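Residue-level structural notes
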Amino acid sequence: MILYMEGTERYLKLKEIKKAASLLADKDFCYQEFWAWDDSILEFISAPPFFGDKKICVLYFFPEDDRLLKTSIWEGTDIYILTEHMPDRRKNAVTQLLKAAEVKKYEKIHEDILYKCIFKRLQGHGYKPEEINAVEDSLMQAFYPYLVDYSINLDAVITHVDMIGYSGSLSTESIMAFALESGSLKGYRLANMVLDQKPECIDYAKKLLDQGESPIGMLSLVLYQIRVCYKATLCREGNYLAKIGIRSYQLYGEFLKYGPDKYKALYTELQDAVNRIKNGEKSSSAVVLDTIMRCLQIEKGE
């Protein structure tokens, strides 16, 4: 078997290989990894194993010539090909190898599966199920960037979950201290600080601008949260989350402390700022900071 492991989720690829390798009679003699072409690859895949009836060859690159297919591969050899870069499909050897191989995609997992992974990992750190479930919203908020940011993979999620596990505390504060960083999460934090009317949101916004965050991008993310809160105040009866199409961790927790009038006023202020920047106002950073200051001064509303 030749398996080309396509997709961004390296963690899932390695997990599958590890599971297959655990079934080998003797890993020392029946398992090899290669990061570049070496003629010993052909020797390994063509010879029967010393023990058992299975061998695994892992290639962390895509062979772009025909030497692999021209070799008589021993029937019990499984070849796994995984690489961060797409092969050059214009080459005939690449096309032929892809035709001969089984191609399996490893893409981002759904949020329900993501929570199960986080849950199981934290259990491994000694936390009880009820402790983990009590902070589900905080965990999903902290790892939401994985679901929307193509550049963040499960390796990063596992690393940050382990940081939480090693911290010895499963509180909202410790979870957010090790949250994944992305523009969407930063925008969510800024929106929450504005809604909590925390003056330090000015400093936080300035910090984000200094880090190179897009002024329009920042304001647009805050706008999204304000719009969600506004919709939630209008459909507060029944299953309002389903009506507006979001999960609880995507919504400001105390959204009901303000009426729709406040959210409309905030939305108008923020949209005006976005338009000013789009129309070429010179200092976009100054527009952002001035707008946030204005938002802090808007009355509670009905």
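Residues numbered from 1 in each chain as written. Predicted model: local features only at pLDDT ≥ 70, side-chain atom pairs only at ≥ 80, totals over all residues. Heavy atoms only, no water.

1. Things to note about the pairing of strand β2 (residues 31–34)
Bridging between β2 and strand β3 (residues 55–59) involves four bridges; their strand directions are parallel. Directly across from Q32, in β3, lies its bridge partner C57. After leaving β2, the chain enters helix α3 (residues 40–46) and then returns to the sheet as β3, a path that is right-handed. (Pairing = 2+ DSSP bridges. Helix = DSSP H or I, 4+ residues; strand = E, 2+ residues; numbered from the N terminus. Right-handed = clockwise from strand over helix to strand, strands pointing away.)

2. Observations regarding the packing of aromatic side chains
Each pair of aromatic rings is reported with the distance of its centres and the angle of its planes. Counted by the stated rule, this structure contains six aromatic pairs. Between Y4 and F62, the ring centres sit 5.2 Å apart and the planes meet at 90 degrees, which makes this aromatic pair edge-to-face. Separated by 58 residues along the polypeptide, Y4 in strand β1 (residues 2–6) and F62 in the loop between β3 and α4 (67–70) bring together distant segments of the chain. Residue class for F62 comes out buried when judged on its relative accessible area of 9%. Between the aromatic rings of W35 and Y60, the centroid separation amounts to 4.8 Å while the plane-to-plane angle is 15 degrees, which identifies the pairing as stacked. Of the two residues, W35 sits in the loop between β2 and α3 while Y60 sits in the loop between β3 and α4, which places them 25 residues apart along the sequence. A relative accessible area of 56% means that W35 is categorised as exposed. Among the aromatic residues, ring-to-ring pairing joins F29, F50 and F51 into one connected group. Note that K55 overlies the ring of F44, its terminal NZ or CZ placed 4.1 Å from the centroid. (Phe/Tyr/Trp six-rings, centres within 6.5 Å; stacked < 30°, edge-to-face > 60°. Buried < 20%, exposed > 50% of the residue type's maximum accessible area, 1.4 Å probe, protein only. Lys NZ or Arg CZ within 6 Å of the ring centre and 35° of its normal.)

3. As for the packing of helix α6 (residues 111–124) against helix α9 (residues 154–167)
In helix packing, the relevant descriptors are the interaxial angle and the interaxial distance, both defined with respect to the helix axes. Contact pair α6 / α9: the axes reach a minimum separation of 10 Å and the direction vectors enclose 40 degrees. By the criterion of interaxial angle, the relationship of α6 to α9 is oblique. Crossing of α6 against α9: the hand is right-handed. Of the residues in α9, those touching α6 at L114, I118, R121 and L122 are L154, V157, I158, V161, D162, I164 and G165. (Axes fitted to C-alpha atoms, helices over the stretch in contact; angles between N-to-C directions. Parallel < 35°, antiparallel > 145°, perpendicular 65-115°, else oblique. Left-handed = near helix turned anticlockwise from the far one by under 90°. Contact = heavy atoms within 4.5 Å.)

4. Structural notes on the packing of helix α12 (residues 201–210) against helix α16 (residues 284–296)
Between α12 and α16, the least distance of the axes is 10 Å, while the angle of their chain directions is 160 degrees. In terms of orientation, α12 lies roughly antiparallel with respect to α16. Where α12 crosses over α16, the two elements pack in a sense that is right-handed. Residue-level contacts link C201, I202, A205, K206 and L209 of α12 to S285, V288, L289, I292, M293 and L296 of α16. Partitioned by chemical class, the residues of the contact of α12 with α16 number nine nonpolar, one polar and one charged. (Nonpolar A, V, L, I, M, F, W, Y, C, P; charged D, E, K, R; others polar.)

As far as function goes, none of this settles anything; it's purely spatial.
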